[in-house]
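# Examination of the molecular architecture
Chain residues, written in single-letter form:
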Amino acid sequence: MAKVYRGTGRRKTSVAQVKMTAGTGKITVNGRDVRDFLPYETQVMDLMQPLVATNNENTFDIEVKVTGGGSTGATGAIRLGITRALLEYDAVNEGNEDSYRAILKRAGFITRDSRVKERKKPGLKAARRAPQFSKR
């Protein structure tokens, strides 16, 4: 049985659970190929960035389960999940300057993007947008 590395990523309202095993570079999201799941090739490139930065594009098979949010949130969540799975894989080299942690931190992939949509307030049209003012 191959070793499984796991990572959980969140972005906006999306949550991605990532399972990474040794393989050929196949990425499956909710039982579908990643290119079928995400509408734009740029989003596929975005979630592949941690693998490209660590030269692991064809080293692991990745299986992802995503819930909530849209395609942009899902992409960010998957990217963070892949990053965390890579960190679990490379835990023995943590202190080295050529460790995955150092590479991914420099690229800015370890930080969780905590921005979420602000709630709508009573009496306003949106979170901060007030109704149009009429003097007369």
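These remarks concern the structure in this document.

Reading the values: rules and limits
Residues numbered from 1 in each chain as written. Predicted model: local features only at pLDDT ≥ 70, side-chain atom pairs only at ≥ 80, totals over all residues. Heavy atoms only, no water. Axes fitted to C-alpha atoms, helices over the stretch in contact; angles between N-to-C directions. Helix = DSSP H or I, 4+ residues; strand = E, 2+ residues; numbered from the N terminus. Parallel < 35°, antiparallel > 145°, perpendicular 65-115°, else oblique. Contact = heavy atoms within 4.5 Å. Nonpolar A, V, L, I, M, F, W, Y, C, P; charged D, E, K, R; others polar. Phe/Tyr/Trp six-rings, centres within 6.5 Å; stacked < 30°, edge-to-face > 60°. Buried < 20%, exposed > 50% of the residue type's maximum accessible area, 1.4 Å probe, protein only. Polar contact = N/O pair within 3.5 Å; in protein donor to acceptor, adjacent residues only side chain to side chain. Pairing = 2+ DSSP bridges.

Here we take up the packing of helix H3 (residues 71–89) against helix H4 (residues 100–107). Contact geometry for H3 and H4: axes closest at 9 Å, N-to-C directions at 155°. It follows that H3 is roughly antiparallel to H4 by the angle criterion. Of H4, the residues touching H3 (which contributes Thr83, Leu86, Leu87 and Tyr89) are Tyr100, Arg101 and Leu104. Broken down by class, the residue content of the contact of H3 with H4 amounts to five nonpolar, one polar and one charged.

Looking now at the packing of aromatic side chains. Under the definition given, this model contains three aromatic pairs. Ring centres 4.9 Å apart and planes at 80° place the aromatic pair phenylalanine 60 and tyrosine 89 in the edge-to-face group. Taken together, the positions of phenylalanine 60 in strand S5 (residues 60–67) and tyrosine 89 in helix H3 put the pair 29 residues apart, joining distant regions of the chain. With relative accessibility at 3%, the residue phenylalanine 60 sits in the buried group. Taking relative accessible area as the criterion, tyrosine 89 reaches 33% and is therefore assigned partly exposed.

The subject of this paragraph is the environment of arginine 79. Position of arginine 79 relative to the elements: it lies in helix H3. For arginine 79, a relative accessible area of 22% translates into the label partly exposed. Measuring from C-alpha to C-alpha, the distance between arginine 79 and leucine 51 comes to 9.2 Å, with 28 residues separating the pair along the chain. A distance of 2.9 Å separates the side chain of arginine 79 from the side chain of aspartate 46, its partner in a polar contact.

The next point concerns the pairing of S5. Of the two faces of S5, the one holding Phe60, Ile62, Val64 and Val66 is buried and the one holding Asp61, Glu63, Lys65 and Thr67 is not buried anywhere. As paired strands, strand S2 (residues 14–22) and S5 are joined by eight bridges and run antiparallel to one another. By the bridge assignment for S5, alanine 16 is matched with valine 66.

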